[in-house]
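Each chain, letter by letter, is given below.
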Amino acid sequence: MTPPPPGRVDPDLADRLTDAVLLSGLPVAFGEEGPGVRIRPARPADDADRCAGAAALDWLPSPRLTGAAAMAEPGQPAGPAREVVGTAMVNALAEFLPAFGLEAGRDGSGRELRVGPPAFPSAGLRVPPGVLAARPAGPTPAELGVPAALLDALRRSAALAGLPLAARLGGTGITLAPCPPAEDLGEDPAEDGAADIGWNPSRRLADLADSDRPEAPAAATARAAVDAAMRHALGTALRACGTELRWLHAVHRLRAYGESVPTIRR
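Residues numbered from 1 in each chain as written. Predicted model: local features only at pLDDT ≥ 70, side-chain atom pairs only at ≥ 80, totals over all residues. Heavy atoms only, no water.

Draft legend 1. Up close: the overall build of the chain. Along the chain, the regular secondary structure elements total seven helices and nine strands. Counting every position in the chain, which comprises 266 residues, the buried fraction comes to 43%. A fraction of 63% describes how many contacts in the chain between residues 6 or more apart in sequence connect residues 24 or more apart. Looking at the chain as shown, the accessible area adds up to about 13,300 Å², and 55% of this sits on carbon and sulfur atoms. (Helix = DSSP H or I, 4+ residues; strand = E, 2+ residues; numbered from the N terminus. Buried < 20%, exposed > 50% of the residue type's maximum accessible area, 1.4 Å probe, protein only. Contact = heavy atoms within 4.5 Å. Areas by Shrake-Rupley, 256 points an atom, 1.4 Å probe, with all protein chains shown as cover.)

Draft legend 2. Broad picture of unusual backbone geometry. In this chain, glycine 34 is followed by proline 35 through a cis amide linkage whose omega measures 10°. One can find proline 35 in the loop between β1 (28-29) and β2 (36-41).

Draft legend 3. Geometry of the environment of valine 115. Assignment of secondary structure puts valine 115 in strand β5 (residues 113-115). For the pair valine 115 and alanine 14, spaced 101 residues apart in sequence, the C-alpha separation works out to 9.7 Å. Residues in contact with valine 115, not counting those within four places in the same chain, are Leu13, Leu17, Ala54, Ala55, Leu57, Leu97, Leu102, Glu103 and Ala104.

Draft legend 4. A look at the packing of helix α2 (residues 63-71) against helix α3 (residues 78-96). Closest axis-to-axis distance for the α2/α3 pair is 7 Å, and the angle between their directions is 130°. By the criterion of interaxial angle, the relationship of α2 to α3 is oblique. Once α2 is placed against α3, the crossing between them reads as left-handed. Between α2 and α3, the contacting residues are Leu65, Thr66, Ala68 and Ala69 on the first element and Ala78, Gly79, Ala81, Arg82 and Val85 on the second. A breakdown of the residues in the contact of α2 with α3 according to their chemical character gives six nonpolar, two polar and one charged. (Axes fitted to C-alpha atoms, helices over the stretch in contact; angles between N-to-C directions. Parallel < 35°, antiparallel > 145°, perpendicular 65-115°, else oblique. Left-handed = near helix turned anticlockwise from the far one by under 90°. Nonpolar A, V, L, I, M, F, W, Y, C, P; charged D, E, K, R; others polar.)

Read these as layout, nothing more, since geometry by itself doesn't imply function.
Shown next, in the form of structure tokens:
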């Protein structure tokens, strides 16, 4: 196979990366404006860096956070928040992409997260096209009992970071659920107004993982990898964008309490 010319991503790799990102539930950014994962050609660090056809991945937050960071004065949180969100999301990509058959790693300088053209193009999870399984519309976070103030705070933080918030139970993106009874956790009693945070991938990935198709085990593995990576990323990214969070390590839950201070001026 002839490698693509310098400055271009291998077409098959670009397609597979785009599909993996969308399956995970994350958006793909096009051009220089977010939000989403930007897939661009890798930039050679020096003349000996052979990266033809390889892709580099960045996370672009919302234009509002990018603009606030560009205009922020020293000491204001927008600039650091943009860096923290970007790093958290790129780290998540590095964690879950191998479950889709895409090996990601830093270049020699550590500047870029790269994915090279696979040695065996047919390897990795491929989700066949098909009709989504019929599912009833789930309740909204408000209908589940998540307080309005907390929901508003999460919406603001998620929007700044560029992350989707699931509109209903089972939807793609950040999920919110009221705290379970304290006696089930072995922790301190849950504070009023708190909620547990999770992540749902795309319906395509979830439906395949729950099906009886031959690809179901690989899809279930990919779903678990996305869930673990995104929980880590959410704890960092949402906190940087103004949400008060705490990990309950004993029960592997990420809990949100509301808006933190100082918040980013928007």
